[in-house]
2 protein chains.
Amino acid sequence: MSTRESIPHSETLRVHDRCLCLHAQRAARALARRFDEAFRPLGITSGQFSLLMALNRPEPPRVGDVAAVLAMDRTTLTASLKPLERRRLVVIRPDRDDKRVRRLALTATGRSLLARALPLWERTQAACEALLGDADRTRADLRALD
Amino acid sequence: MSTRESIPHSETLRVHDRCLCLHAQRAARALARRFDEAFRPLGITSGQFSLLMALNRPEPPRVGDVAAVLAMDRTTLTASLKPLERRRLVVIRPDRDDKRVRRLALTATGRSLLARALPLWERTQAACEALLGDADRTRADLRALD
DNA sequence: ACCAATTATGTTGATATCAACTTATTTGTC
DNA sequence: GACAAATAAGTTGATATCAACATAATTGGT
């Protein structure tokens, strides 16, 4: 392999400093760890919290709806539901009218767990916002990327 | 279960709109998908690109160094190296002085692949920056979170 | 009513993620 | 020099992520 085919280290540093994908991954991993830790006493992760929260609606949403809300792959969602279903936090029921559709609903246990998780979220969220100059601006930027 | 134990839907909406963890996860997933797609012709993912780039240094870094740079769990890194090692893009060698330490180095093939990936990164990065008003500000915000 | 296109979802296989635990080596203190 | 503490890294088991492929039900055009 000739030298022509490799990248100088200076270029590596430039990519490393600027790559939005890497910056977003690092921030996402760091935030996930922080929230995971906060929710640990309840035995759920940050992702499971977001998912349970997305299911807390008057009308049980469909799989596709939830995937869209979380900007998550549909098949990832199917997999993520498994442990929650096993723990009886979520029930999956066929739709009344459309037999293709499955409705995702919190159980009473799930709702109760979510209620206990909320104050933990508040605390952690406040701690994270404190790291930012303008959390609303950051949220707007993040939204622009998805 | 009593009603006292559940969260009103309005509260759910507030959490959903404000949660930094969810916003970061969504943005990270969206960016990863975008870069994954760009790198697909080369058979690597966005995460593998970042990892290979992190190894492109004059002195082969140690496992712990790379994990710190990527803000990634050390054991995640060990797992992520496996497919790259299998494809002979990376070699893992014991350190000369400290027998606990393993040095991670790109192979000639790895360096060459990275060089071919760089223009794809440039294009995708530019497209993502175009979504933001001020990419430097966004990067600074993301850095504040990790 | 038929049937092709579309829609909603699931399954499989590979990789990524992290906590908990384990092993091997080095360092520092006496 | 012995040995406890600290350091570097790996393994296991659970969950998360997504592409590729597969299935079943609905819709729309004729």
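So, here is what we can say about the structure in this document. (Residues numbered from 1 in each chain as written. Chains lettered and ligands numbered in written order. Predicted model: local features only at pLDDT ≥ 70, side-chain atom pairs only at ≥ 80, totals over all residues. Heavy atoms only, no water.)

**Description of the environment of M72 of chain A**
Operational definition: For helices the rule is a DSSP run of H or I covering at least 4 residues; for strands it is a run of E covering at least 2, with both sets numbered from the N terminus onward. Exposure categories follow from relative accessible area, calculated using a 1.4 Å probe and restricted to protein chains: below 20% of the type maximum is buried, above 50% is exposed, and the middle band is partly exposed. Throughout, a residue-residue contact means that at least one pair of heavy atoms, one from each residue, lies within 4.5 Å.
With respect to the element layout, M72 of chain A can be found in the loop between α4 (63-70) and α5 (74-86). Taking relative accessible area as the criterion, M72 of chain A reaches 14% and is therefore assigned buried. With 10 residues separating them along the chain, M72 of chain A and K82 of chain A place their C-alpha atoms 15 Å apart. Look past the residues within four positions of M72 of chain A in its chain and what remains in contact with it is A67 and L77 of chain A together with R29 and R33 of chain B.

**Looking at the protein's contact with DNA strand D**
Heads up, the rule is: A single heavy atom is enough: if one lies within 4 Å of a molecule or strand, its residue is considered near that molecule or strand. For the purposes of these results, a polar contact is taken to be a pair of N or O atoms within 3.5 Å, where, inside protein, one atom must be able to donate a hydrogen and its partner to accept one; residues adjacent in sequence count only when each atom of the pair is a side-chain atom.
The immediate surroundings of DNA strand D are formed by 26 residues, with G64, R74, T78, R100 and R102 of chain B found nearest. Counting only atoms of DNA strand D within 4 Å of the protein, the sugar-phosphate share comes to 68%. The contact in question runs from a phosphate oxygen of DNA strand D to an N or O atom on the side chain of R86 of chain A, over 3.3 Å. At a separation of 3.3 Å, a phosphate oxygen of DNA strand D approaches a polar backbone atom of V63 of chain B. Contributing elements (two or more residues each) for the surface near DNA strand D: α5 of chain A together with α2 (20-39), α4 (63-69) and α5 (74-86) of chain B. For the surface near DNA strand D, the element with the most residues is α5 of chain A, which contributes six residues.

**A closer look at the pattern of salt bridges**
Pairing between side chains becomes possible if they bear opposite charge and their charged atoms approach one another. Going by this rule: Just to be clear on terms, a salt bridge is a Lys or Arg side-chain nitrogen sitting within 4 Å of an Asp or Glu carboxyl oxygen.
Under the definition given, this model contains 18 salt bridges over all chains. In this structure, R18 of chain B engages E129 of chain A in a salt bridge whose closest nitrogen and oxygen atoms are separated by 2.9 Å. In this pair, R18 of chain B sits in helix α1 (residues 9-18) while E129 of chain A sits in helix α6 (residues 108-129), so the two residues belong to two different chains. When its relative accessible area of 26% is taken as the criterion, R18 of chain B is described as partly exposed. Residue class for E129 of chain A comes out buried when judged on its relative accessible area of 19%. The salt bridge involving R137 of chain B is made with D141 of chain A; its shortest N-O contact spans 3.0 Å. Of this pair, R137 of chain B sits in helix α7 (residues 135-145) while D141 of chain A is found in helix α7 (residues 135-145), placing the two residues in two different chains. Classification of R137 of chain B by relative accessible area gives partly exposed; the value is 27%. A residue is classified by how much of its surface remains accessible, and D141 of chain A, at 7% relative accessible area, is buried. Within the structure, one salt-bridge network assembled from shared partners comprises R18 of chain A together with E129, D136 and R139 of chain B.

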